[in-house]
Amino acid sequence: MKSTLVVGALLTVMTATGAFGQAIKLANVAELSGGGATVGTNWKNGIDLAIEEINAKGGVLGRKLEVSHADSQSNPGVARAQVQKALDAEPYVLLGPGYSGSVKVTAPLAAEAGIAQIMGGEAAELTQTGNKFLFRTSFGQQSSMPKVAKYIHDEMKAKTVAVVWVNNDFGRGGRDVVVKELDRLGSKVVADLSTEAGQADFAADVGKIKAANPDAVFVYLNEEESARILKELKRQGVTAPLMGETTLIGQKVIELAGDAANGARGHVGLTTDAPVDLIKAFREKFSKKYNYVPDHNGLKGYLAVYMVKATTEKMGKVDSKKFADTLHGLTIKAADEPGILMDVTFSDTGDIDRQSFLVEVVEGKQVVKQVLPKVK
Amino acid sequence: MSAVLEVTDIRKSFGGIHAVNGVSFDVREGEILGLIGPNGCGKSTLFNCILGQLTPTGGEVKLDGKLVTGLRPAELNKLGVSRTFQLLQVFPKLSVRENLILAGQEHQGNMASRLVGRSDAGLTETANQMIGFFKLDHLADEPAGGLSYGQQKLLDAAMAFMGGPRLVLLDEPAGGVNPSMLADLKERLVAINREKNATFVVIEHNMEFVMSLCSRVMVMAEGKVLAMGRPDEVRKNPAVIEAYLGH
Amino acid sequence: MSGFARPLKIALGLAVIAALIIVPMNFNRYGLFILSQWAVMSIAAMGLNLTLGYAGQVSLAQGAFVGIGAYAAAIMTTHGWPLPAAILVAIVLSFAIGWVLGYPALRVQHHYLAFVTLAFSTLAFLVFRNESWLTGGIYGISNIPRPHIFGLATNKPLPFYYVCLGSLAIVSLAVWWLIRSPWGRAFMALRENPLRAQSLGIDTRRYTLMAFAIGSALGGVAGALYAPLTQYIDPVPFNLSLSLDLLLMVIVGGAGFYFGPFLGAMIAVLLPEWLRFTEGYYLMLYAVAVMLLLIWSPTGILGILDRYLAERRTKAASALRAVAKSRLETVQ
Amino acid sequence: MSNLFDLLVAGLATGAIYALVALGFTLLWQTSQTINFAQGEFVMLPAFLMLAAMHVGAPFWLAIILGILLSMILLGLAFKLLLVDPMMRHGVLPLAIATMALAIGIKEAVKQFYSAEASPFPSIVPTGEVSILGHAVSLQSIGVLTVAILAVLGLTTLLNRTSLGHQMQAAAQNPTVARIIGVPVERMIMLTFLINAFLVALASLLITPIYLAKFSSGEVLGQAAFIAAIVGGFNQVRGAIAGGLLIGVLDNLAAAYVSTQYRAAVPMLFLIAVILFRPQGLLGRAEERTV
């Protein structure tokens with residue numbers, strides 16, 4: 001019984017400590033351990049970096065930002081508990097989580113509390129349920145994958161495509177949209193291969209791709225696995241052009257895969273490799289602070305905080321209730337708010353719209369082949 | 001006297017070693033049969049074959065004229081065959097009384113009634129009597145593991161009688177038991193044999209104990225029956241003397 | 001726990017129950033969620049304690065049964081079935097699968113059995129993930145409704161906490177009944193000496209299967225409550241690590257002790273929460289705490305208590321003997 | 001069939017990794033009935049020790065030596081004295097749980113004190129490829145396979161041909177008797193823990209360039225090695241290599257010919273079958289049952 005009392009006492013202490021000062025309180029719940037630890041840690045570091053910058057320049061409307069971090073252990077059940085805890089402390093805005101499953105389980109709670117939630121999940125369906133409080137920090141797969149499919153069909157002229165994806169909600173989500181789109185455009189999926197997160201050996205998968213002999217291969221894996229499959233594709237002499245997302249042609253993949261990455265192409269919605277000066281500056285700041293090059297999740301966390309800043313400054317006051325309304329339909333220009341890095345517009349459903357790029361790896365370097373404009 | 005147990009040409013070999021090599025005998029209703037022989041002569045293996053703990057390589061076992069070879073130990077026990085083991089085999093974490101209730105519970109009711117019925121399966125009374133009979137009263141609620149060696153041996157024997165068996169096979173009941181307790185044990189066994197008309201087979205090294213307790217004695221050597229008869233006959237049998245002294 | 005006087009034990013028990021009912025009324029939603037989680041995990045751990053602690057059959061598949069129960073409940077309640085019906089199906093399903101999983105235990109024991117059940121855990125996870133037509137695959141199942149009990153909606157945290165607590169109470173009573181019954185005794189016989197148990201007419205095969213089946217069924221019950229608790233399930237929480245977590249709960253609490261699972265679940269669910277103020281270090285500290293506890297007492301928390309009580313008993317007994325001896329001497 | 005050749009080669013290469021990790025597993029089981037759930041993390045950690053040494057300026061060769069020494073102190077000596085010894089006589093389970101906690105502890109510590117990111121790791125084997133029968137085979141894979149086989153040969157020789165090995169075997173098979181005939185059992189057990197620590201450090205050195213240094217890389221490795229050890233035979237050193245190679249190949253064949261979604265299921269089903277029909281493992285000897 002003592003336990004419950006201690007929990008109670010602890011909770012009281014926690015709610016009490018949040019109350020001092022004029023700081024604006026944000027709550028972050030992310031995958032700091034478990035399968036998504038790399039995602040969550042990047043996201044968290046991005047948030048911390050942004051808050052440090054903003055506070056160094058005097059905060060938002062003269063008030064400092066403050067964030068509490070909680071670990072979801074990459075488990076939706078725990079995520080729910082932690083979001084509940086965060087909401088009980090009545091934060092200004094909720095940040096995270098990054099896994100779509102965890103977003104799904106927590107979004108109704110934030111909506112019920114009337115608190116805006118800026119998250120990292122990319123599954124298509126998240127913003128399609130009519131939730132008025134949920135915001136993305138990156139393209140949902142429903143916006144990025146059609147561009148990918150279109151490129152495969154129109155530019156690569158691929159009649160047959162092999163699709164390789166990682167069997168988690170990220171990979172599966174992308175795979176489902178891209179397969180549907182390819183189908184609509186008339187490209188045939190001749191191999192549909194699921195792989196495991198952390199998989200080391202891609203010989204069998206590549207063997208199947210080879211046997212299917214497609215015109216193009218769509219690769220949708222995490223960075224480390226992307227590097228491994230690129231090596232294996234090269235080893236087994238697969239020559240079909242490769243298309244992917246940020247996770248296929250990121251600097252890190254190039255570093256790990258060496259010249260096996262050459263020729264791979266990808267649609268890049270948000271990447272630290274983007275040919276944008278502000279993003280390059282971000283990448284430098286981040287690497288200096290944390291000693292590694294962030295992936296797109298680091299960017300997402302960073303942007304989430306600047307979304308809070310821009311929206312609040314637009315409102316001219318700290319108003320949790322009006323936050324979501326203000327952010328809907330808002331366009332934030334990088335010229336006005338450099339922290340947002342690129343011009344971005346938020347739709348009524350919380351989806352984002354901004355420029356993206358088509359990149360090819362040429363001799364270990366990313367080369368932008370095309371700039372894809374905003375949709376609207 | 002009819003035979004409770006008939007064993008015909010039982011064989012058991014491990015690899016190339018014939019531990020039991022064609023043993024036949026019968027046990028008559030109400031008797032106490034002693035089974036002696038040097039270490040490694042196959043006595044315990046014979047027990048294990050009769051009781052279904054081991055599957056015999058050949059031969060058959062009949063209980064009351066019915067073939068029971070290959071039945072599992074639990075099934076044999078249900079048919080009224082009970083046993084003790086050479087090494088201590090009580091349930092150390094259960095109390096003495098619980099040990100006894102456990103030993104009898106499967107003979108009460110069926111699976112369902114044992115789940116929804118009384119937690120002692122109605123055996124507390126019987127267990128208490130058994131505790132009294134074996135003079136373990138002061139220890140009834142102690143965990144069996146805390147008892148002395150001799151006391152555990154008594155408990156082990158007592159457990160064998162909880163199911164009201166017709167035939168009990170005792171594997172070295174006297175081993176390691178001090179003389180005063182041994183006298184107790186013998187007295188108890190004789191009493192049960194008389195009062196409940198239970199039939200015993202006893203493996204034992206303690207000659208004095210066997211000779212004074214048993215009505216017949218079977219001697220085994222190298223997996224075979226060497227001699228069978230009344231204690232005094234067996235004692236004088238030259239083959240037996242040879243087997244024991246020859247070693 | 002036999003060291004306490006009976007009235008004291010009853011008073012203590014009532015106080016704990018009353019506190020579990022009354023104190024959470026002032027809790028916020030988070031506190032209630034964690035407590036509900038504790039209740040659910042206690043149920044699952046109690047099942048494993050039955051299989052492992054009492055019957056001595058090592059299982060690394062309890063998490064899979066929580067998953068089976070959770071999916072049964074999620075699928076049925078999202079299709080309009082009431083939760084009690086779903087719980088019933090969860091019980092029957094996990095019981096049947098647990099029964100089948102028990103068969104290897106008739107052939108192999110101990111670590112070998114652990115490996116078989118471990119493999120089963122992984123297989124179950126793959127089925128949850130890959131059979132999307134049934135389980136929603138990696139997307140999982142969302143919007144799992146919470147039940148109406150006697151016409152009362154339980155979608156608020158407090159009423160649903162009472163659903164979990166009530167279920168825990170029912171399961172606790174049932175388990176208490178079971179381990180006191182001849183079955184419980186037979187389970188312990190299975191653990192301590194299966195050979196001797198056989199010779200006493202105990203059908204070890206049937207009891208082994210039963211131990212597996214009943215333990216698994218309780219895992220199913222826990223799962224059927226877990227689904228409406230989180231209102232969203234996907235395959236990830238039911239992977240091998242949940243089975244290992246539950247094993248940890250049972251061992252740390254004290255395997256084979258009735259109250260072990262309650263304490264073990266408390267350590268596994270609440271301790272990390274208490275340590276959260278250390279932020280990035282909390283899981284590290286949790287791991288260290290578990291190791292220290294096991295180094296101190298490999299038989300778990302209740303093992304400590306048990307040892308203490310046993311020592312006191314021995315002391316008391318030797319004191320008694322000393323008294324008796326001195327009397328004897330004075331008589332002489 | 002060229003595809004099959006590729007599958008086999010790749011499977012053997014991955015399997016060799018599992019085998020190397022599984023080796024120590026079987027050693028610890030034999031001498032002290034330790035089921036080390038942290039074995040995967042044991043392989044993950046030395047690479048970080050080496051990276052840390054390089055971070056403070058040590059050249060690669062020195063970092064390797066330091067890493068191996070530190071591993072033997074932390075994962076051999078300290079693991080044995082602090083965790084295994086207090087629990088050894090309480091049966092397999094509490095210790096298994098403690099090693100699970102240890103696994104979490106190591107993972108979290110690396111994440112907290114180093115990084116959640118994967119870091120590349122220099123390879124001691126040249127990274128090129130050679131052509132065998134017209135198929136490109138990576139030198140790293142050949143390196144791992146060679147070392148794994150050498151390690152098994154070395155261990156088998158040690159165990160069967162030297163008096164030290166005989167003492168170790170005696171200590172493992174029957175500690176009581178071993179003690180009576182004058183074998184320093186405690187020292188022999190300690191020795192196996194040190195050998196395990198050395199082996200995991202070696203494995204770390206060879207594997208990390210392929211797997212990358214990442215706090216979570218031990219999870220997949222540990223489980224695969226675990227299965228390899230059981231399949232091959234928990235109580236035989238050479239069982240580990242057979243099990244490892246078999247699981248590696250089986251995994252690839254399953255992905256190629258069964259289903260990629262269920263590829264992990266095939267080794268598991270195989271594991272269940274092995275345990276049920278040959279519990280001592282394919283190359284293991286039956287453990288004596290005491291009746």
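Calculation rules
- Residues numbered from 1 in each chain as written.
- Chains lettered and ligands numbered in written order.
- Predicted model: local features only at pLDDT ≥ 70, side-chain atom pairs only at ≥ 80, totals over all residues.
- Heavy atoms only, no water.
- Helix = DSSP H or I, 4+ residues; strand = E, 2+ residues; numbered from the N terminus.
- Rg over C-alpha atoms; globule rule 2.2 N^0.38 Å.
- Buried < 20%, exposed > 50% of the residue type's maximum accessible area, 1.4 Å probe, protein only.
- Contact = heavy atoms within 4.5 Å.
- Buried area = accessible area lost by both parts, 1.4 Å probe.
- Polar contact = N/O pair within 3.5 Å; in protein donor to acceptor, adjacent residues only side chain to side chain.
- Nonpolar A, V, L, I, M, F, W, Y, C, P; charged D, E, K, R; others polar.
- Pairing = 2+ DSSP bridges.
- Axes fitted to C-alpha atoms, helices over the stretch in contact; angles between N-to-C directions.
- Salt bridge = Lys/Arg side-chain N within 4 Å of Asp/Glu carboxyl O.
- Phe/Tyr/Trp six-rings, centres within 6.5 Å; stacked < 30°, edge-to-face > 60°.
- pLDDT = per-residue confidence, 0-100.
- Patch = residues over 30% accessible without salt bridge, like charges linked within 9 Å, V, L, I, M, F, W, Y side chains within 5 Å.
- Areas by Shrake-Rupley, 256 points an atom, 1.4 Å probe, with all protein chains shown as cover.

**Structural notes on the overall build of chain D**
Working step 1: Regarding its fold elements, chain D presents eleven helices and two strands.
Working step 2: Counted from the first residue to the last, chain D has its helices and strands arranged as α-α-α-α-β-β-α-α-α-α-α-α-α.
Working step 3: The C-alpha atoms of chain D give 19 Å as radius of gyration, which agrees with the globular expectation for 291 residues (19 Å, within 12%).
Working step 4: Counting only C-alpha atoms, chain D reaches 60 × 50 × 35 Å along its principal axes.

**Regarding the overall build of chain A**
Working step 1: Secondary structure assignment for chain A yields 13 helices and 15 strands.
Working step 2: When the backbone C-alpha atoms are referred to their principal axes, chain A occupies close to 65 × 55 × 40 Å.
Working step 3: Burial analysis of chain A (376 residues in total) assigns 65% to the buried set.
Working step 4: Of the contacts formed within chain A by residues at least 6 apart in sequence, a portion of 65% connects residues at least 24 apart.

**Some thoughts on the interface of chain D and chain C**
Working step 1: Taken together, the contacts link 41 residues of chain D with 35 residues of chain C.
Working step 2: When residues of chain D are sorted by the area they lose upon contact with chain C, Ile97, Tyr262 and Leu276 of chain D head the list and together hold 16% of the total.
Working step 3: Counting the contacts that link chain D with chain C gives five residue pairs in polar contact (both at pLDDT 80 or more).
Working step 4: Contributions of two or more residues to the side of chain D that touches chain C are made by helix H3 (60-87), helix H4 (92-113), helix H9 (217-232) and helix H11 (265-277) of chain D.
Working step 5: Element by element, the count of residues in the side of chain D that touches chain C is highest for H4 of chain D, at 13 residues.
Working step 6: Looking at the side of chain D that touches chain C, its residues break down into 32 nonpolar, six polar and three charged.

**A closer look at the sheet that holds strand E8 (residues 216-220) of chain A**
Residue and element names in this part refer to chain A.
Working step 1: In spatial order, the strands read E7-E6-E8-E9-E10-E14-E15; together these seven strands make up an open sheet with mixed pairing. Strands at the two margins of the open sheet, each flanked by one partner only, are strand E7 (188-195) and strand E15 (365-372). Strand-to-strand twist across the sheet, computed as the mean angle between neighbouring axes with direction ignored, equals 20°.
Working step 2: Sheet topology note: the strand E14 (residues 356-362)/E15 ladder contains seven bridges and is antiparallel.

**Description of the side chain of glutamine 30 of chain D**
Working step 1: Here glutamine 30 of chain D shows up in helix H1 (residues 2-32).
Working step 2: Glutamine 30 of chain D sits in the buried class, given a relative accessible area of 16%.

**Concerning the interface of chain C and chain B**
Working step 1: On the chain B side, the residues contacting the 26 residues of chain C number 34 residues.
Working step 2: Between chain C and chain B lies a buried interface of about 2,700 Å² when both sides are counted; carbon and sulfur atoms form 58% of it.
Working step 3: Our count for the contact surface shared by chain C and chain B stands at three salt bridges.
Working step 4: Note that glutamate 98 of chain B and arginine 185 of chain C form a salt bridge whose closest N and O atoms lie 2.9 Å from each other.
Working step 5: Run the count over chain C and chain B and you get 17 residue pairs in polar contact (both at pLDDT 80 or more).
Working step 6: At the level of elements, helix H7 (157-180), helix H8 (182-192), helix H9 (194-199) and helix H10 (204-230) of chain C are the ones that each hand at least two residues to the side of chain C that touches chain B.
Working step 7: Class assignment of the residues belonging to the side of chain C that touches chain B gives a composition of 13 nonpolar, five polar and eight charged.

**Topic: the pattern of salt bridges**
Working step 1: Applying the stated criterion to the full structure yields 48 salt bridges over all chains.
Working step 2: One salt bridge in this structure joins aspartate 9 of chain B and arginine 11 of chain B, with 3.3 Å as the shortest N-O distance.
Working step 3: On the accessibility criterion, arginine 11 of chain B (35% relative accessible area) is partly exposed.
Working step 4: Close ionic contact of aspartate 64 of chain B with arginine 166 of chain B constitutes a salt bridge, the shortest N to O distance being 2.4 Å. Here arginine 166 of chain B lies in the loop between helix H6 (149-161) and strand E7 (167-171) and aspartate 64 of chain B lies in the loop between strand E4 (58-63) and strand E5 (66-67), a separation of 102 residues in the sequence.
Working step 5: The network of salt bridges with common partners includes Arg172, Arg175, Asp176 and Asp192 of chain A.

**Description of the environment of leucine 305 of chain C**
Residue and element names in this part refer to chain C.
Working step 1: Along the polypeptide, leucine 305 turns up in helix H14 (residues 301-331).
Working step 2: Relative accessible area serves as the criterion here: at 27%, leucine 305 is assigned to the partly exposed category.
Working step 3: In this structure, the C-alpha to C-alpha distance between leucine 305 and aspartate 234, residues 71 residues apart in sequence, is 39 Å.

**Quick look at the pairing of E14 of chain A**
All names here are of chain A.
Working step 1: Of all seven residues in E14, six are buried; the element is thus mostly enclosed.
Working step 2: Pairing geometry for strand E10 (residues 265-268) and E14, over four bridges, is antiparallel. Each residue of the ladder has a partner; that of glycine 266, found in E14, is valine 359.
Working step 3: Hairpin connection from E14 to E15: two residues lie between these consecutive antiparallel strands, with glutamate 363 at a positive phi of about 45°.

**Quick notes on the packing of aromatic side chains**
Working step 1: For the structure on display, the rule yields 32 aromatic pairs over all chains.
Working step 2: With centroids separated by 4.5 Å and ring planes inclined at 25°, the aromatic side chains of phenylalanine 170 of chain A and tyrosine 220 of chain A adopt a geometry described as stacked. Here the residue phenylalanine 170 of chain A occupies a position in helix H6 (residues 169-185), and tyrosine 220 of chain A occupies one in strand E8, the gap between them amounting to 50 residues. Note on accessibility: phenylalanine 170 of chain A and tyrosine 220 of chain A belong to one class, buried.
Working step 3: Measuring from ring centre to ring centre gives 6.3 Å for phenylalanine 128 of chain C and phenylalanine 238 of chain C, while their planes differ by 75°; the resulting arrangement is edge-to-face. Here phenylalanine 238 of chain C lies in the loop between H10 and helix H11 (240-253) and phenylalanine 128 of chain C lies in helix H5 (residues 110-130), a separation of 110 residues in the sequence.

**Section: the confidence of the model for chain A**
Residues and elements named next belong to chain A.
Working step 1: For chain A, per-residue confidence averages 90 on the pLDDT scale, and 94% of positions sit at 70 or higher.
Working step 2: Every residue in residues 1-5 is under pLDDT 50, and counting partners more than four places away or in other chains gives ten contacts.
Working step 3: The low-confidence segment residues 8-21 (pLDDT under 50) makes twelve contacts with residues lying over four places distant or belonging to another chain.

**Some thoughts on unusual backbone geometry**
Only a minority of non-glycine residues have a phi that is not negative, and only a minority of peptide bonds are not trans.
Working step 1: Omega for the peptide link from glycine 96 of chain A to proline 97 of chain A comes to -5°, which places this bond in the cis form.
Working step 2: Counting through the fold element by element, proline 97 of chain A comes out in the loop between strand E3 (93-95) and helix H4 (100-113).
Working step 3: In this structure, glutamine 231 of chain C takes a positive phi of about 65° despite not being glycine.
Working step 4: Mapped onto the fold, glutamine 231 of chain C is located in the loop between H10 and H11.
Working step 5: On the basis of relative accessibility, which here comes to 22%, the residue glutamine 231 of chain C falls in the partly exposed class.

**Things to note about the environment of threonine 230 of chain C**
Working step 1: Here threonine 230 of chain C lies in helix H10.
Working step 2: When its relative accessible area of 1% is taken as the criterion, threonine 230 of chain C is described as buried.
Working step 3: Among all residues touching threonine 230 of chain C, those that are not within four sequence positions of it are Gly77, Arg80 and Val105 of chain A together with Phe33 of chain C.

**Things to note about the pairing of E8 of chain A**
Every other side chain in a regular strand lies on the same face of the sheet, so the side chains alternate between the two faces.
Residues and elements named next belong to chain A.
Working step 1: Burial within E8 is extensive, with five of its five residues counted as buried.
Working step 2: Residues Ala216, Phe218 and Tyr220 line one face of E8 and the alternating positions Val217 and Val219 line the opposite face, and both faces are buried.
Working step 3: Sheet topology note: the strand E6 (residues 160-166)/E8 ladder contains five bridges and is parallel. Considered in E8, the bridge of valine 163 is made with phenylalanine 218.
Working step 4: Across three bridges, E8 lies against strand E9 (residues 242-244) in parallel orientation. Bridging across to E9, valine 219 finds its partner in glycine 244.

**Quick notes on a nonpolar patch on the surface**
Residues and elements named next belong to chain C.
Working step 1: Together, Ile10, Leu14, Ile17, Ile21, Ile22 and Met25 line one region of the surface with nonpolar side chains, adding up to about 570 Å² of accessible area.
Working step 2: Secondary-structure assignment places isoleucine 21 in helix H1 (residues 6-22).
Working step 3: Assessed through its relative accessible area of 36%, isoleucine 21 is described here as partly exposed.

**A closer look at the confidence of the model for chain D**
Working step 1: Here chain D averages 88 in pLDDT, and 97% of its residues register 70 or above.
Working step 2: In the predicted assembly, ipTM is 0.90 and pTM is 0.92.

**Observations regarding the sheet that holds strand E12 (residues 344-346) of chain A**
Residues and elements named next belong to chain A.
Working step 1: The three strands lie next to each other as E11-E12-E13, forming an open sheet whose pairing is antiparallel. The open sheet is flanked by strand E11 (331-332) and strand E13 (352-353), the only strands paired with a single partner.
Working step 2: Taken together, the two bridges between E11 and E12 define a ladder with antiparallel strand orientation. Following the sheet pairing, isoleucine 332 is matched in E12 by valine 344.

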